[in-house]
Amino acid sequence: MKQKIVVYNRLEAPVLHKLQEKYEVHFFKDINTKTDPDFIAHLAGADALIGLELPVDRELLDHAPNVKIVSNVSVGYNNLDIDELTKRGIMATNTPGILTDTVADTMMTILLSTARRVPELDHWVKQGDWEKMIEVEHYGIDVHHKTLGIIGMGRIGEAIAQRAHFGFDMDILYHNRSRKPEVEEKFNATYCDLDDLLMQADFICLMTPLTPETTGLLGEREFKLMKQSAIFINGSRGKTIVEADLIEALQNGEIAAAGLDVFEEEPVHPDNPLLKMKNVITVPHIGSSTWETELKMSELAAHNLELGLEGKCPPNLINKRVWEMQK
Ligand code: GLV
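Note that this is a predicted model, so its numbers are computed, not measured.

### Structural notes on the side chain of Asn9
With respect to the secondary-structure elements, Asn9 resides in the loop between strand S1 (4-8) and helix H1 (13-22). Within the structure, Asn9 has its side chain in polar contact with the backbone oxygen of Leu52 (distance 2.7 Å). Those residues in contact with Asn9 that lie beyond four places of it in its chain are Phe27, Phe28, Lys29, Asp30, Ile31, Leu52 and Leu54.

### A short note on the sheet that holds strand S7 (residues 171-175)
In spatial order, the strands read S8-S7-S6-S9-S10-S11-S12; together these seven strands make up an open sheet with parallel pairing. Of all strands in the sheet, those with a lone pairing partner are strand S8 (190-191) and strand S12 (280-282), marking the two edges. Against the sheet, helix H7 (residues 155-168) engages strand S6 (147-151), S7 and strand S9 (203-206), with an angle of about 175° to S6.

### With respect to the sheet that holds strand S4 (residues 69-72)
In sheet architecture, strand pairing relies on hydrogen bonds along the backbone and comes in two forms, parallel and antiparallel. Read from one edge of the open sheet, five strands run S2-S1-S3-S4-S5, paired in parallel fashion. Two strands in the sheet have a free side with no partner beyond their single neighbour: strand S2 (24-28) and strand S5 (91-93). Averaged over all adjacent pairs, the angle separating strand axes in this sheet is 15°, with direction ignored. Summarising the sheet, S1 and S2 pair through five bridges and their orientation is parallel. Within S2, the residue paired with Ile5 across the bridge is Val25. Contacts between helix H12 (residues 291-309) and the sheet are confined to S1, strand S3 (48-51), S4 and S5, with S4 contributing the most and set at about 170° to the helix.

### Looking at the pairing of strand S10 (residues 231-234)
Across the two faces of S10 the burial is the same, with Ile231 and Ile233 and Phe232 and Asn234 all buried. Taken together, the four bridges between S9 and S10 define a ladder with parallel strand orientation. Across the sheet, the residue bridging to Ile204 is Phe232, located in S10. Where the polypeptide runs from S9 across helix H10 (residues 220-225) and back to S10, its parallel neighbour, the crossover connection is right-handed. Inspection of the sheet shows S10 paired to strand S11 (residues 257-260) by four bridges, in the parallel sense.

### Brief notes about the site of the ligand
Neighbouring residues of the ligand: Ser74, Val75, Gly76, Leu99, Arg237, His285 and Met297. The separation between an oxygen atom of the ligand and a polar main-chain atom of Gly76 is 2.7 Å. His285 places a polar side-chain atom, nitrogen or oxygen, 2.7 Å from an oxygen atom of the ligand. Out of a free accessible area of 190 Å², the ligand has 86% covered by protein chains. Looking at side-chain class alone, the shell around the ligand contains three nonpolar, three polar and one charged residues.

### Observations regarding the environment of Arg88
In this structure, Arg88 sits in the loop between helix H4 (82-87) and S5. Accessibility expressed as a relative area gives 33% for Arg88, which makes it partly exposed. The spacing of Arg88 and Leu61 is 27 residues in sequence and 9.0 Å in space, taken between C-alpha atoms. Within the structure, Arg88 has its side chain in polar contact with the side chain of Asp62 (distance 2.8 Å).

Procedures and definitions
- Residues numbered from 1 in each chain as written.
- Predicted model: local features only at pLDDT ≥ 70, side-chain atom pairs only at ≥ 80, totals over all residues.
- Heavy atoms only, no water.
- Helix = DSSP H or I, 4+ residues; strand = E, 2+ residues; numbered from the N terminus.
- Polar contact = N/O pair within 3.5 Å; in protein donor to acceptor, adjacent residues only side chain to side chain.
- Contact = heavy atoms within 4.5 Å.
- Pairing = 2+ DSSP bridges.
- Axes fitted to C-alpha atoms, helices over the stretch in contact; angles between N-to-C directions.
- Buried < 20%, exposed > 50% of the residue type's maximum accessible area, 1.4 Å probe, protein only.
- Right-handed = clockwise from strand over helix to strand, strands pointing away.
- Near = heavy atom within 4 Å.
- Areas by Shrake-Rupley, 256 points an atom, 1.4 Å probe, with all protein chains shown as cover.
- Nonpolar A, V, L, I, M, F, W, Y, C, P; charged D, E, K, R; others polar.

Below, the structure is given as C-alpha cells:
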C-alpha cells in the first residue's frame, strides 16, 4: 500500500506530480484548518505533511497520529512547534541554502526601490503626471557609500552584506547572536550591539528568524533610536517588529521610509495604514519567489520528505534529537 502524504498551500507542480507517482497524495490549497473538515479527516491516515506556513502544533498533530515527518517548503520554520514534534518523535525539515541569493537579491531590490522611490514614481509617470522635469520633492536618497545595518547575520544576511559591500561600497554594521570574524574580514563589517547599529545605520535590514527571543525585537524605543533619515527594511517575519510602532514612527517622521516583504498579518489587511503611505514599499512575502528558486525549494522539501519516509536522515533535519532517538 502506498504511503499517504498531505500537501498544503504550496508545492510546485512538477514536484507534486513526482510525489503522486510514488505516494497517495492529497493536495489542499489555501488551507484553513479551522474550516476544512476534509483536511482534518485526511490527516488521520497521513504518513507525512509537506507545504508552507501552516501552523503545525499540538492541536493539528493530535489529528495526525501516524505522521513521521513534516517538511516545510521554506527556510523559516516559526510555523512548526518543534518541541511538540520532537516530543512525538516526528522529524521536521526546512529548505535552507538554495534560496539565499534569491532572497538577498529581493532585499537589495526593496532597499533600492525604497531609497529611489521607484513604485511611487512609476505610478506618477503612469498616471500622466510627468508634464515637466521632476522637482526636488521627487528626489530619492543615495544607497552607495552609505551605512547598512544588518540584524541577523545568517546565510542571507551575509549574501546581503556581500552585495552591499562589493556592489555598492556600503559600510556594513551587523548585529547577531554571535560574532562572525569571517564576515568581518570578508566584508569589512563591524559588529555592533543592537542600539549602536540602530543609531548609526542609514539602512536597517532585519533578517532574523522569528523565535521567542526575536518576537517584537524592534518596537517604539528601537524606531526612536534610528536616524530620522533611516530606511527600514523587513525581510524576516512581520512579528519580529511591533507593526503598530512602525506605523507610528513613520507617521511621526521618526524614520524616513520602510520597505516591507513581511507583515504581522499575511495577507496584509487592506485597511492597514502602511498601505496608504507613499514612503512605504510593500511586496507580498516574495523573498524567495522566483521560478528557479521555488522549484528548487519544492524539490529539496520533497527530497527531505522521501528520505524521512525511507527511514533515512534528511539533509535538512531541524530536530536532530528525533534521529538520535531512533538510532
Ligand atoms: C521565506 O520566508 C522562507 O522562510 O523560506
